[in-house]
Amino acid sequence: MTLFRSSLPTTAPRAPHLLRSKITTGLALLALSTACLLLPGCGMKDPAEAATIAPTGQKYELKLHHLHTGESLDVVYRVGDTYIPEAMNQLNHFLRDHRTEDQSHYDPKEFDLLHSLMAKLGKTGNEIDVVCGYRTPWSNEFLRTRGGTASPAATGVAKNSQHTQAKAIDIRVPGVTTARLRDAALSLAAGGVGYYPISQFVHVDVGPVRHWTFAGRSDD
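Conventions we followed
- Residues numbered from 1 in each chain as written.
- Predicted model: local features only at pLDDT ≥ 70, side-chain atom pairs only at ≥ 80, totals over all residues.
- Heavy atoms only, no water.
- Phe/Tyr/Trp six-rings, centres within 6.5 Å; stacked < 30°, edge-to-face > 60°.
- Buried < 20%, exposed > 50% of the residue type's maximum accessible area, 1.4 Å probe, protein only.
- Helix = DSSP H or I, 4+ residues; strand = E, 2+ residues; numbered from the N terminus.
- Lys NZ or Arg CZ within 6 Å of the ring centre and 35° of its normal.
- Pairing = 2+ DSSP bridges.
- Contact = heavy atoms within 4.5 Å.
- Axes fitted to C-alpha atoms, helices over the stretch in contact; angles between N-to-C directions.

Remarks on the packing of aromatic side chains
According to the stated counting rule, one finds seven aromatic pairs in the structure shown. Ring geometry for Tyr77 versus Tyr83: centroids 6.3 Å apart, planes at 25°, classification stacked. Among the residues examined, Tyr83 registers a relative accessible area of 28% and is labelled partly exposed. Where Trp138 meets Phe142, the ring centres are 5.4 Å apart and the plane angle is 20°; that geometry is what we call stacked. On the criterion of helical spacing, the pair formed by Trp138 and Phe142 is a turn pair, its members being four residues apart in helix 4 (residues 137–145). Judged by its relative accessible area of 53%, Trp138 falls in the exposed class. A relative accessible area of 37% places Phe142 in the partly exposed class. One aromatic cluster is present, built from ring pairs that chain together Tyr60, Tyr77, Tyr83, Tyr106 and Phe111. A cation over a ring is seen here: Arg78 above Tyr60, with NZ or CZ 4.1 Å from the ring centre. Looking at Arg182, its charged tip hangs above the ring of Tyr195, at a distance of 4.2 Å from the centre.

In structure tokens:
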């Protein structure tokens, strides 16, 4: 008896349509992986990891002492081009209206102005005395009229003060004369500069560039 052996291979070749499907799937996965590399945070094991990466670059520090509340604050508010949210919250609270306890959201450029001013004076790292920070409209009007007992012309307080927009701070720098502080602020041309030689403070804001002198006494 003659035995016939099959000439067919023991493993059948893959169907062409299945092979094409696997190739297509592989190319799609490769494209997806490549695209992922271009997206920030893609592929990280922990989704929150991207948010916890510390910014790098120059550190911007401010040391402040508030003459009305007695509080002091030493804070790095910016690293490189990144403003630190927690530091900004601390500054907003520190610069609150000390009459009403209300606070606002300060323009970060105001803090950059203070930092630049201290660098201009060669006092980087020294403390700044804060005479006045944010004012509510009520507090500003109270100062403007001294509680209704004075005319606005006698107080040196503007009706639409930059203080009410959280863009201004009145300051002194221990060891620096008021005139020298004014001159350094003027040289930056970064906003408004008010010179109060009797009350011995300088107003600095990040509003329009302008300057003035008030020869009377301001009760900030």
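Read on for the rest.
Focus: the sheet that holds strand 7 (residues 201–205)
Taken together, the eight strands give an open sheet; going across it, the order is 3-2-1-4-5-7-6-8, and neighbouring strands pair in mixed fashion. In the strand order of this sheet, the two ends are held by strand 3 (82–83) and strand 8 (210–213), each with one partner. Across the sheet, helix 2 (residues 85–94) lies against strand 1 (59–66), strand 2 (72–79), strand 3 and strand 4 (127–132), angled at about 145° from strand 2, the strand it touches most. Running at roughly 90° to strand 1, helix 3 (residues 108–120) makes contact with strand 1, strand 2, strand 3, strand 4, strand 5 (168–172) and strand 7 of the sheet.

Remarks on the side chain of Gln162
Looking at where Gln162 falls in the secondary structure, it is placed in the loop between helix 4 and strand 5. A relative accessible area of 12% means that Gln162 is categorised as buried. Aside from chain neighbours lying at most four places away, what touches Gln162 is Lys167, Ala168, Asp205, Gly207, Pro208 and Arg210.

Concerning unusual backbone geometry
Positive phi, close to 50°, is recorded for Arg146, a residue that is not glycine. Tracing the backbone shows Arg146 in the loop between helix 4 and strand 5. For Arg146, a relative accessible area of 30% translates into the label partly exposed. Despite not being glycine, Ala189 shows a phi value in the positive range, around 50°.

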